[in-house]
Structure formats: C-alpha cells, structure tokens
Amino acid sequence: MTTPCKCSPAESATCELNTLRRQTASCPVCGASGKRVGLQTVKALVAISLRRVQASSLWFFCRSQHCPVVYFAADNGQTLTVDQIRERVYQKEPDRPDVLVCYCFQHRVGDIQWASPEARAAVIADIKAGIAADQCACDVRNPQGSCCLGNVQQVAKRVALT
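Residues numbered from 1 in each chain as written. Predicted model: local features only at pLDDT ≥ 70, side-chain atom pairs only at ≥ 80, totals over all residues. Heavy atoms only, no water.

Caption draft 1: Up close: the sheet that holds strand β2 (residues 59-61). Here four strands make up an open sheet; going across it, the order is β1-β2-β3-β4 and the pairing antiparallel. In the strand order of this sheet, the two ends are held by β1 (35-37) and β4 (79-81), each with one partner. Between one strand axis and the next, the sheet turns by 30° as a mean value, whatever way the strands run. Across three bridges, the pairing between β1 and β2 is antiparallel. Bridged to R36 within β2 is F60. (Pairing = 2+ DSSP bridges. Helix = DSSP H or I, 4+ residues; strand = E, 2+ residues; numbered from the N terminus. Axes fitted to C-alpha atoms, helices over the stretch in contact; angles between N-to-C directions.)

Set out below in structure tokens:
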C-alpha cells in the first residue's frame, strides 16, 4: 500500500523528482546499483547526437569507477560510456588531479588535494555560498545529476587523512 504524497502543489515537482530518484536498477555491464538521473542531465552531458539517445524515461548513473558506462536506460538497454560524455566524470577518475569534482564552480580534484587546510575549507565555503545564492546547476552540469558538495568533502577528508 502506498502513502499519498503530502507535498504542497509548489513542492510537487521536487517531491516527484525525489520519488523518481529512489528507483534503482543495475548497470548492465558491471551490475552496480545505478543512481536515477533525469533525462535533462543525460541530454546535457552526452557528446553524441541527441538523435542517438534512445527515448527512455528511466535513466541511471553508474558510479562504479571501473565500469565504462556512465548512463544506462533501464527500460531499453541503451548504455552511454565515458567516451560519449562531454565531461570527464569524477566517479570514473576520482584520483586524477585534472578532473572536475565540482562542475558548477570549476574545482578540480587537484585543487583540493594540493591545497592547504584553509584553502580546502575556502573551496567548500565557496561551493556552499554558490548553493545558497542559487548559482549551481548540478542537476544539469554534474554527470551524477545531483550536488557535488559530498564529493568535494570526500576528497578533502581523504586528503586530510593522509
């Protein structure tokens, strides 16, 4: 039995998106559980003709570092690989210093790895300020289709532990 949504009309689009993101599917190549992304994310980030992107309402992001698939469609079997995406994908190359970890504000892994603790904190504060000012577009610019702040904090934490 499902519980009816208790969102206000103004919140209904966000509520619907959150419900969609809870859906899961396994990557057809590596078997990892995919993270739901919107079609707009896929369209914005593919480096191939949109005519080659098959119609699907169920796109997922494969986070597995060792899998070449970035997006897969659960309902038609199409996969889009790292070679078909405009941006290098942080989850596929998390240790490469020249890969973006924050796509909206252009922070690279190396920017965080080689920064002082104060500079790392400033990068995180910069991202938080951008989020608060509604200047980010992670749903379209970030291949994972959601906020990068967790990824940035993960890189900073990993550096702090070494």
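Caption draft 2: Expanded view of helix α4 (residues 117-132). Counted at 1.5 Å a residue, the expected span for α4 with its 16 residues is 22 Å, and the 23 Å between its end C-alpha atoms agrees. Of all the residues in α4, the buried ones are R120, V123, I124, I127 and G130. The arc that holds every buried residue of α4, seen down its axis, measures 125°, which confines them to one face. Exposed and oriented more than 90 degrees from the buried face of α4 are P117, E118 and A132. Taken together, the buried residues of α4 touch β5 (100-102), β6 (107-108), α3 (109-113) and α6 (149-160). Just beyond α4, the residue with positive phi is D134, at close to 60°. (Expected span 1.5 Å × (residues − 1). Buried < 20%, exposed > 50% of the residue type's maximum accessible area, 1.4 Å probe, protein only. Arc of directions from axis to C-beta. Contact = heavy atoms within 4.5 Å.)

Caption draft 3: Layout of the side chain of Q91. Tracing the chain through its elements places Q91 in the loop between β4 and β5. The buried category is assigned to Q91, whose relative accessible area is 9%. Within polar-contact distance, the side chain of Q91 engages the side chain of Q144 at 2.5 Å. With residues near it in sequence (within four places) discarded, Q91 still touches F61, R63, Q65, Q144 and N151. (Polar contact = N/O pair within 3.5 Å; in protein donor to acceptor, adjacent residues only side chain to side chain.)

Caption draft 4: Summary view of the nonpolar core. By size, the foremost hydrophobic cluster in this structure holds 17 residues, and its most contacted members are Y90, V101, I112, I127, V152 and V155. Every element with two or more residues in this core is listed here: β5, α3, α4 and α6. Broken down by element, this core gets its largest block of residues, five residues, from α6. With near-sequence residues (within four places) excluded, V101 lies in contact with Y90, H107, R108, V109, I112, C148, N151, V152 and V155. Judged by nonpolar contacts, the second largest core, of 14 residues, contains V37, V42, V70 and I85. (Core = buried A, V, L, I, M, F, W, Y, C linked by side-chain atoms within 4.5 Å.)

Caption draft 5: Structural context of unusual backbone geometry. In this model, Q106 sits at a positive phi of 60°, which is unusual for a non-glycine residue. Mapped onto the elements, Q106 comes out in the loop between β5 and β6. Positive phi values are uncommon outside glycine, yet D134 reaches one of about 60°. Along the chain, D134 falls in the loop between α4 and α5 (138-141).

Caption draft 6: Inspection of the pattern of salt bridges at higher detail. Taken as a whole, this structure holds five salt bridges when the rule is applied. The partner of R88 in a salt bridge is E93, and the shortest N-O contact between them spans 3.0 Å. Note on R88: relative accessible area 33%, which makes it partly exposed. Look at E93 and you get partly exposed, because its relative accessible area is 23%. Among the charged side chains, a salt-bridge network with shared partners connects R88, E93, R96 and D98. (Salt bridge = Lys/Arg side-chain N within 4 Å of Asp/Glu carboxyl O.)

Caption draft 7: Structural context of the side chain of Q84. Note that Q84 resides in the loop between β4 and β5. Classification of Q84 by relative accessible area gives buried; the value is 17%. Here Q84 is in contact with L45, V46, A47, I48, R52 and T79, once residues within four sequence places are set aside.

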